[in-house]
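This is what each chain is made of:
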Amino acid sequence: MTSAVASPGASPGPLTAGLAGFRQVQRLAYACAEAVAARLKPGVTEREAARMQREWLRARGVRDWFHLPFAWFGDRTAFAGFRIPLQFFPTNKRLEPGMPFILDMAPVLKGCTADIGYSGSLGPHPVQDRLLADLEAHRELILSEVRERRSLREIYEDVDRLMVRQGYANRHRAYPFGVIAHKVDRVRERRWSPRLFGFGTQSLKGLAGDALHGHREGWSPLWSPYRFSDHPPHPGLWAVEPHLGFRGTGAKFEEILVVTDSRDPEQSAFWLDDDLPHVRRWAEDK
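Residues numbered from 1 in each chain as written. Predicted model: local features only at pLDDT ≥ 70, side-chain atom pairs only at ≥ 80, totals over all residues. Heavy atoms only, no water.

Some points on the overall build of the protein chain
Threshold: Labels follow the DSSP assignment, with helices taken as runs of H or I lasting at least four residues and strands as runs of E lasting at least two, numbered in each case from the N terminus. Relative accessibility under 20% of the residue-type maximum defines a buried residue, over 50% an exposed one, and the middle range a partly exposed one, all with a 1.4 Å probe and only protein chains included. Note on contacts: a residue pair qualifies if any of its non-hydrogen atoms lie within 4.5 Å across the two residues. Under the convention used here, a 1.4 Å probe and the Shrake-Rupley method define accessible areas, while residue burial counts only the protein chains that appear.
Looking only at helices and strands, the protein chain has seven helices and 14 strands in total. A burial count over the protein chain gives 55% of its 286 residues as buried. Within the protein chain, contacts between residues at least 6 apart in sequence are counted, and of these 68% link residues at least 24 apart. Counting only carbon and sulfur atoms, one obtains 53% of the accessible surface of the protein chain, whose full area is about 13100 Å².

Written out as structure tokens, the structure is:
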């Protein structure tokens, strides 16, 4: 992605229009999560919940994916026992009353990508409610430190420290490369969109291109705790997903953070959209 990204308040132009496309598909993905969450009932499996997401989005024009939808139920929301990538894929685990769940999807629409995570439960779940409430501090911390141009690795470590103070475990560390975020970009639209292990090949090609380009310039499209992320945030769009765990219960959000090369702190980084379910929930709780 070009490094000159416009902010929501900037004068109209092609980049601002581009952000509108990403905002549209992100809102569509969250609308899908809310619609599917409302249909979940005891006995539904993770695979069925993933298929419900896929069918809902396909009915609204989605034909390509950064990755196909995931669904995690019960202790799988905290990635309990996850050791290999195949364990992330939906299983036949069935939802039960009072059980937490996470829906995660990354659709591509009109060349724009979203990658979102939605946490909920089938009935009251005080532990997950607490996790969700405490995620607000992570959203604020990440934005503040990106605006300070702290290195991605430092910010990751500060998120870790905040989790420890809150009494939680870092569950995004279970993701491949331990990432808390990755870059997203425009995807070239094709009539046929093949997938590899559930990931769209066009999106993977773009991420690999960013990795190669970034390696030459000293930055990475993966935001991890490792040395290759020891650099300031690179301009572009980042899908950010802090994931908290506590005794077999997990919760996260995932949404797009826009990073620019502006010298104005407020313009240098901002969340793409504040009209999202978890943000509305925090506002209602105040």
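Details of the sheet that holds strand β11 (residues 243-246)
For clarity, the cut-off: Paired strands are those between which DSSP finds at least two bridges. Fitted lines through C-alpha atoms serve as axes, helices being fitted only where they are in contact, and the angles separating the N-to-C directions of these axes extend from 0 to 180 degrees.
The strand order across the open sheet built from three strands is β5-β11-β12, with neighbouring strands paired in antiparallel fashion. Edge positions in the open sheet fall to β5 (169-170) and β12 (249-252), since each of these has one partner strand only. With two bridges joining them, β5 and β11 adopt antiparallel strand pairing. By the bridge assignment, Asn170 is partnered in β11 with Leu244. Helix α3 (residues 126-147) contacts β11 and β12 of the sheet and is inclined by roughly 35° relative to β12.

Concerning the pairing of strand β2 (residues 100-109)
Summarising burial for β2: 10 of the 10 residues are buried, a large majority. Inspection of the sheet shows strand β1 (residues 64-73) paired to β2 by seven bridges, in the antiparallel sense. What sits directly across from Trp72, in β2, is Ile102. In this sheet, strand β4 (residues 116-121) lies alongside β2 in antiparallel orientation, the contact comprising six bridges. When the bridges of β4 are listed, Met105 appears paired with Ile116. As paired elements, β2 and strand β3 (residues 112-113) share two bridges and run antiparallel to each other.

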